[in-house]
Amino acid sequence: METRQRTACFFSNGNGENLRKEQYSIQDIDILRDLGFTVQIAANFAQIPWNSDLYFSWWATGSVLPLLKARARGRPIIVVAGGNEAMRYRDSRSGEPLGYLASPWYKKIAARLTLRYATKVLVVSEFMLDDVRQLGARDPLVIHNSVDRRRFRPAQIRREFVTSIFNLDESVVELKRGDVFIKAIPLVLREFPEQQFRVIGRKGDAFERIHRNAVALGISDRLTFLGYIDNAAVPGWLQRSKAYVQISDTETFGVTIAEAMSCGTPVLVSRRGAIPEIVGDDGSYVDHNDERSVADGIVRILRLSPVEQDRIGAQGVERIDRLFTFEQRRDRIKKLVEEVLP
């Protein structure tokens, strides 16, 4: 008798086409397929099938939609509460409430319902555990995000740039401290006047303001805004970078930091959120609210000899191989799926 192939619905609210480009969705869709599922991708309520054997959904708030169908059909649903919407935090500089604290009441209710009634809640870092428990998750499980080491690996090419990745939307620029990074550049140029900087990310509502600031600071010939680039092109830019800078006010994981380390690129980061959990002792930490601290950190990396750069890069690669590979996430999700779907 022929065995019916199992089906899984992968859900993340938003643009369905973008789900095939985002690293978080790419990794987990590939994992579900590796586990033998036929995967149907859904980005809104109408696209969610009623007859899936398993529902696998990202983000606490939007996951209330597949939760409704999963509960109605008596099927298991695994929810990855991987974002700031499940975190109760305030901006370290302004004290402004953000994440869950800044959500409208209906999104708070949706997040709490999801976290309370999902079959299993995953988080992507130890940092997230306390907050999702406070919001109702029962026995949440940490399964870290992963890096595809087949693509993100060191390359024998010349390193040229200091690179940062963030979308140029005002809310993201504030979260990632993009303005602090920009203000640090002229301070770095005092010692390394020929150094080139790159910012990768969609040119949103903050782009014109940030660009004007770069011109006013006299760094427009040293700083290039590359805009959005396809995920497949990211490894090449990280491999060509002398340093990768990510000075976020919080991160629930920090995938691009891990990808940079996997490419053997020294990382300069803030000591916020899950970033120390990901980087450990294999990165340089700065005060993310102080451009002088950021500039000093960049200068320290640029002063490194090639031997020192290789040593730091090798340590980063070793940490990723030990803790954050695709295979490790796949194996842990496989074990969990076997528990919820015998």
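To start, this report covers the structure provided alongside it. (Residues numbered from 1 in each chain as written. Predicted model: local features only at pLDDT ≥ 70, side-chain atom pairs only at ≥ 80, totals over all residues. Heavy atoms only, no water.)

Let's shift gears to unusual backbone geometry. Residue Asp 139 is not a glycine yet carries a positive backbone phi of 50°. Among the structural elements, Asp 139 can be located in the loop between helix H4 (129-134) and strand E8 (141-142). For Asp 139, a relative accessible area of 57% gives the class exposed. Positive phi values are uncommon outside glycine, yet Arg 177 reaches one of about 55°. For Arg 177, the location among the structural elements is in the loop between helix H5 (170-175) and helix H6 (178-189). (Helix = DSSP H or I, 4+ residues; strand = E, 2+ residues; numbered from the N terminus. Buried < 20%, exposed > 50% of the residue type's maximum accessible area, 1.4 Å probe, protein only.)

Turning our attention to a nonpolar patch on the surface. On the surface, a cluster of nonpolar side chains totalling about 560 Å² of accessible area is made up of Trp 105, Tyr 106, Ile 109, Leu 113 and Tyr 117. Summarising the element assignment, Leu 113 is placed in helix H3 (residues 105-117). (Patch = residues over 30% accessible without salt bridge, like charges linked within 9 Å, V, L, I, M, F, W, Y side chains within 5 Å. Areas by Shrake-Rupley, 256 points an atom, 1.4 Å probe, with all protein chains shown as cover. Salt bridge = Lys/Arg side-chain N within 4 Å of Asp/Glu carboxyl O.)

Let us look at the pairing of strand E7 (residues 120-123). Of the two faces of E7, the one lined by Lys 120 and Leu 122 and the one lined by Val 121 and Val 123 are each fully buried. The pairing of strand E4 (residues 77-80) with E7 spans 3 bridges and is parallel. Within E7, the residue paired with Val 80 across the bridge is Leu 122. For the crossover that starts at E7, traverses H4 and ends in the parallel E8, the hand is right-handed. (Pairing = 2+ DSSP bridges. Right-handed = clockwise from strand over helix to strand, strands pointing away.)

Moving on, we get to the pattern of salt bridges. Within the structure shown, the criterion is met by 21 salt bridges. A salt bridge links Asp 91 to Arg 177; the shortest N-O distance between them is 3.1 Å. You can see Asp 91 sitting in the loop between strand E5 (88-90) and strand E6 (97-99) and its partner Arg 177 sitting in the loop between H5 and H6, a full 86 residues away along the chain. The exposure classification of Asp 91 matches that of Arg 177, with both residues buried. Where Asp 130 meets Arg 133, a salt bridge forms, and the shortest distance between an N and an O atom there is 3.7 Å.

Across the sheet, 6 strands lie side by side as E11-E10-E9-E12-E13-E14; this open sheet has parallel pairing. Strand pairing shows two members of the sheet lacking a second neighbour, strand E11 (223-227) and strand E14 (284-286), which therefore form its edges. Neighbour-to-neighbour, the strand axes of the sheet open up by a mean angle of 25°, direction not taken into account. Pairing of strand E9 (residues 161-165) with strand E10 (residues 196-200), which is carried by 5 bridges, proceeds in the parallel orientation. Directly across from Thr 163, in E10, lies its bridge partner Arg 198. Packed on one face of the sheet, helix H9 (residues 255-262) meets E9, strand E12 (241-246) and strand E13 (267-270) and runs near 160° to E12. (Axes fitted to C-alpha atoms, helices over the stretch in contact; angles between N-to-C directions. Contact = heavy atoms within 4.5 Å.)

Let us now look at the packing of aromatic side chains. Summed over all chains, the structure comprises 9 aromatic pairs. On the basis of an interplanar angle of 65° and a centroid distance of 5.0 Å, the ring pair of Tyr 24 and Trp 59 is categorised as edge-to-face. Of this pair, Tyr 24 sits in helix H1 (residues 23-34) while Trp 59 sits in the loop between strand E3 (54-58) and helix H2 (64-73); the two residues are 35 residues apart in sequence, bridging distant segments of the chain. Given the relative accessible area of 15%, Tyr 24 is considered buried. Residue classification places Trp 59 among the partly exposed residues on the basis of a relative accessible area of 22%. Ring geometry for Phe 161 and Trp 237: centres 5.5 Å apart, planes at 45°, overall tilted. Here the residue Phe 161 occupies a position in strand E9, and Trp 237 occupies one in helix H8 (residues 234-239), the gap between them amounting to 76 residues. For Trp 237, a relative accessible area of 17% puts it in the buried group. Aromatic rings pair up to connect Tyr 24, Trp 58 and Trp 59 into one cluster. (Phe/Tyr/Trp six-rings, centres within 6.5 Å; stacked < 30°, edge-to-face > 60°.)

Next up on the list: the side chain of Gln 239. For Gln 239, the position within the fold is in helix H8. Owing to a relative accessible area of 10%, Gln 239 belongs among the buried residues under this scheme. Among the polar contacts listed, one links the side chain of Gln 239 to the backbone oxygen of Arg 153, at a separation of 2.7 Å. What Gln 239 contacts, discounting residues up to four positions off in sequence, is Arg 151, Arg 153, Ala 155, Ile 157, Arg 159, Cys 263 and Thr 265. (Polar contact = N/O pair within 3.5 Å; in protein donor to acceptor, adjacent residues only side chain to side chain.)

Two modes of strand pairing occur in sheets, parallel and antiparallel, and in both the strands are linked by backbone hydrogen bonds. Spatially, E2-E1-E3-E4-E7-E8 is the arrangement adopted by the 6 strands of the open sheet, whose pairing is parallel. Looking at which strands have only one partner, the edges of the open sheet turn out to be strand E2 (38-42) and E8. Of the strand pairs in this sheet, E3 and E4 are connected by 4 bridges, and their pairing is parallel. Residue pairing in the sheet places Ser 57 in a bridge with Val 79 of E4. The sheet strands contacting H2 are strand E1 (7-11), E3 and E4, and the helix crosses E3 at an angle near 165°.

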